[in-house]
Amino acid sequence: MTLNLCVLTPNRMIWDSEVKEIILSTNSGQIGVLPNHAPIATAVDIGLLRIRRNCQWLTVALMGGFARISNNEITILGNDAEISTDIDPQEAKQTLEIAEANLSRAEGKRQAIESNLALR
């Protein structure tokens with residue numbers, strides 16, 4: 001038995017295919033979803049979505065959003081998302097360094113919050 005997973009962002013469809021299992025980062029922790037999972041709607045945290053297809057796991061970076069699970073259908077509406085194989089490690093490292101520098105230079109609560117969000 002499988003699950004139908006659809007991951008959408010405002011700009012594109014990231015994933016639309018059958019999967020065996022997922023592990024999703026929510027605002028209250030990680031949840032694992034197998035076929036015949038109880039219906040649920042939840043906020044998605046900034047973090048990783050792990051997808052199992054047969055014996056292989058794939059990782060997707062999610063930038064928050066919402067998920068709905070019902071009748072072996074999973075729909076994730078994300079603010080942004082990127083499949084791990086599409087991420088350039090050098091570019092990610094540079095972006096991380098910039099975000100860390102901005103956080104260390106943040107002045108005031110608002111800048112600190114914005115910088116922390118960018119770092120995540």
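Note that the coordinates shown come from a computational prediction; the quantities given were computed from them, not determined experimentally.

What counts as what
Residue numbers here run from 1 along each chain, matching the order of that chain's written sequence. In keeping with the model being predicted, local features are shown solely for residues with a pLDDT of at least 70 and side-chain atom pairs are shown and tallied solely at 80 or more, while totals for entire chains, interfaces and linings include all residues. Side-chain metrics in this entry use all non-hydrogen atoms of the structure; hydrogen atoms and water are not considered. Numbering of helices and strands runs from the N terminus, with a helix taken as a DSSP run of H or I at least four residues long and a strand as a DSSP run of E at least two residues long. In this scheme, a residue with accessible area under 20% of its type's maximum is buried, one over 50% is exposed, and one in between is partly exposed, where area comes from a 1.4 Å probe on protein chains only. Here, two residues are considered to be in contact whenever any of their heavy atoms come within 4.5 Å of each other. The term salt bridge refers to a side-chain nitrogen of Lys or Arg lying within 4 Å of a carboxyl oxygen of Asp or Glu.

A. Layout of the side chain of Thr42. When you line up the elements, Thr42 lands in strand E5 (residues 40–53). For Thr42, a relative accessible area of 16% translates into the label buried. In this structure Thr42 touches Leu24, Thr26, Gly65, Phe66 and Ala67, once residues within four positions along its chain are discounted.

B. Representation of the pattern of salt bridges in the model. For the coordinates displayed, the defined rule picks out 2 salt bridges. Where Arg12 meets Glu82, a salt bridge forms, and the shortest distance between an N and an O atom there is 3.1 Å. In this pair, Arg12 sits in the loop between strand E1 (3–8) and strand E2 (13–19) while Glu82 sits in strand E8 (residues 81–83), placing the two residues 70 residues apart along the sequence. We classify Arg12 as partly exposed; its relative accessible area is 37%. Taking the relative accessible area as the measure of exposure, Glu82 reaches 27% and is therefore partly exposed. Put simply, Arg52 and Glu21 hold a salt bridge, and the shortest N to O gap is 2.9 Å. On the criterion of sequence distance, the pair formed by Arg52 in strand E5 and Glu21 in strand E3 (residues 21–26) is long-range, its members being 31 residues apart.

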